[in-house]
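# A structural walkthrough
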Amino acid sequence: MKKTVSVLLIIFLAVTSALFCGLWLRERDNRDDARRLAQSGALEAYESFSDFAASGEESDYWRGAAAFRSFEQAYQMLVEGTNREDNVIFCNEVYGALLLSPEKSREHMAEICQVMELLAKDVEDTAGYARMAELRNALEA
């Protein structure tokens, strides 16, 4: 009887461990996908806003705003459930300014490019989000 219980317990623990390992690997892959998507969006936003700063083409500005939104959504998935969720608020407020106050946003294009350049290099750079908070404050002033 003890031997049967031990065998069943070992089988149960092995199955549970395998299930946990599979779920952990899946979550890690999802996190890596979100990171790559956020990184790609940040790079596209940086390039588009830089093109806008150089050429003044309206389409570059709106392409940058769209890429910023992609970056923002992917970053939100990346940091969900972590202590970095406050960064999403800064991003959302900057995105709102890009859409609702394009004239004011254009006045701060150099700052926008600097922030997006930092995040294009490393989407999890804490200095980039500190700069994002400063940018948000400048856009709200």
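Sequence order as written defines residue numbering, which begins from 1 separately in each chain. The predicted nature of this model means local features are confined to residues of pLDDT at least 70 and side-chain atom pairs, given and counted, to a pLDDT of 80 or more, with totals for whole chains, interfaces and linings taken over all residues. Values shown for side chains rest on all heavy atoms present in the structure; no hydrogens or waters enter the calculation.

## Observations concerning the environment of Leu119
Filter applied, for reference: Only DSSP runs of H or I reaching four residues or more are called helices, and only runs of E reaching two or more are called strands; each is numbered from the N terminus.
Tracing the sequence through the fold places Leu119 in helix α5 (residues 109-121). When the C-alpha atoms of Leu119 and Gln39 are compared, they prove to be 7.3 Å apart, with 80 residues separating the residues in sequence.

## A closer look at the side chain of His108
For the record, the criterion: Whenever a nitrogen or oxygen atom comes within 3.5 Å of another N or O atom, the pair is scored as a polar contact, on the condition that within protein one atom can donate a hydrogen and the other can accept it, and that pairs from neighbouring residues in sequence are kept only if both atoms are in side chains. Two residues form a contact once any of their heavy atoms are found within 4.5 Å.
Mapped onto the elements, His108 comes out in the loop between α4 (102-107) and α5. Within polar-contact distance, the side chain of His108 engages the side chain of Glu111 at 2.7 Å. With sequence-adjacent residues up to four places away left out, His108 is seen in contact with Leu135, Ala138 and Leu139.

## Focus: the packing of helix α3 (residues 86-100) against helix α6 (residues 126-140)
Stated formally: Between N-to-C directions, angles cover 0 to 180 degrees, with each direction set by a line fitted to C-alpha atoms, over the stretch in contact for helices. Comment on the angle field: the value is read as roughly parallel under 35 degrees, roughly antiparallel over 145, roughly perpendicular from 65 to 115, and oblique elsewhere. Two helices cross in a left-handed way if the nearer one is turned anticlockwise from the farther one by less than a right angle. They cross in a right-handed way if the turn is clockwise.
It is at 9 Å that the axes of α3 and α6 come closest, and there the two elements cross at 40 degrees. As judged from the angle between their axes, α3 and α6 are oblique. Of the two elements, α3 crosses α6, and the hand of that crossing is left-handed. Between α3 and α6, the contacting residues are Asn87, Phe90, Cys91, Glu93, Val94 and Ala97 on the first element and Tyr129, Met132, Ala133, Leu135, Arg136, Leu139 and Glu140 on the second.

## Examining the packing of aromatic side chains
Rules: By convention, a stacked pair of Phe, Tyr or Trp rings (six-membered ring in the case of Trp) has centres within 6.5 Å and planes under 30 degrees apart, an edge-to-face pair has planes over 60 apart, and any other such pair is tilted. Categorising residues by exposure relies on relative accessible area from a 1.4 Å probe, with only protein chains included: less than 20% of the type maximum marks a residue as buried, more than 50% marks it as exposed, and the intermediate range marks it as partly exposed.
In the structure shown here, the tally under the stated rule is seven aromatic pairs. With 4.6 Å between their ring centres and 20 degrees between their planes, Tyr75 and Tyr129 make a pair best called stacked. In this pair, Tyr75 is assigned in helix α2 (residues 58-79) and Tyr129 in helix α6, connecting sequence segments 54 residues apart. We note that Tyr75, like Tyr129, is buried.

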